[in-house]
Amino acid sequence: MSQQNSPSWYVLRFPSQDLSKVQNHLNQSGVKNFVPFRFEVIDGTTMRVPVLPGYVFVEGPLERLDLIKGEYEDGKLKYVMDTKLGSPKAFDAGLVANFVKVASQTHEGIEFLDSRREINVKHGPMVRVIADGPFKGVVGEYLRVRSNRCVVVRLGGLVTVATGFLKPDQVEQL
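We now turn to the structure provided with this report. The shown structure was predicted, so the numbers you read here are calculated from the model rather than taken from an experiment.

## Digging into the packing of aromatic side chains
Okay, step 1: Applying the stated criterion to the full structure yields four aromatic pairs.
Okay, step 2: Ring centres of Phe 34 and Phe 99 lie 6.3 Å apart, and the angle between their planes is 85°; this geometry places the pair in the edge-to-face category. Of the two residues, Phe 34 is situated in strand 2 (residues 32-34) and Phe 99 in helix 3 (residues 93-103); the sequence distance between them amounts to 65 residues.
Okay, step 3: In this structure Phe 99 comes out as buried when scored by relative accessible area, which is 0%.
Okay, step 4: Note on Phe 57 and Phe 91: the rings are 6.4 Å apart at their centroids and 65° apart in plane angle, and the pair reads as edge-to-face. With Phe 57 in strand 5 (residues 55-61) and Phe 91 in the loop between strand 8 (87-88) and helix 3, this residue pair connects regions lying 34 residues apart in the sequence. Accessibility assignment for this pair places Phe 57 and Phe 91 in one class, buried.
Okay, step 5: Each residue in the set Phe 34, Phe 57, Phe 91 and Phe 99 is aromatic and connected to the rest through ring pairs, giving one cluster.
Okay, step 6: Stacked on the ring of Phe 37, the Lys or Arg Arg 48 has its end atom at 3.8 Å from the ring centre.

Rules used in this analysis
Residues numbered from 1 in each chain as written. Predicted model: local features only at pLDDT ≥ 70, side-chain atom pairs only at ≥ 80, totals over all residues. Heavy atoms only, no water. Phe/Tyr/Trp six-rings, centres within 6.5 Å; stacked < 30°, edge-to-face > 60°. Helix = DSSP H or I, 4+ residues; strand = E, 2+ residues; numbered from the N terminus. Buried < 20%, exposed > 50% of the residue type's maximum accessible area, 1.4 Å probe, protein only. Lys NZ or Arg CZ within 6 Å of the ring centre and 35° of its normal.

Right, dumping it as structure tokens:
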């Protein structure tokens, strides 16, 4: 099966004010999608705020996504491109599954890092979380972020998410 016909995860960008319309369009078309949110207190009210305004992760064969993308208003949906290959940037399903498992938690320790700004975040050993809890089974890099040891999942220079504090005995090195 070619990459074009096999399901992969891609990122679509759009005008940020269109989030609910874009998600409705994707849901009605049967496209699995994910928008990472963080919770912020604004004027005393806790609100869900998109981590990447104007971006949505979508899963499917590229051919099908092209059709659904074309059905949306005047080409407002565009792929995040892999500049080296000149094609839509595809993400490994396992990597996205780990990202979604961490990013969808409301756990207090979750931290989103802007991959473009977090130059000082070093690479660590690859680990799997073995402790029971919301992060069990997550695979990522084990390193310190702001003095806490956590598992970090990076999505290709676009976004990085870190779990809450995890002790060394809660992870196994891969």
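On we go.
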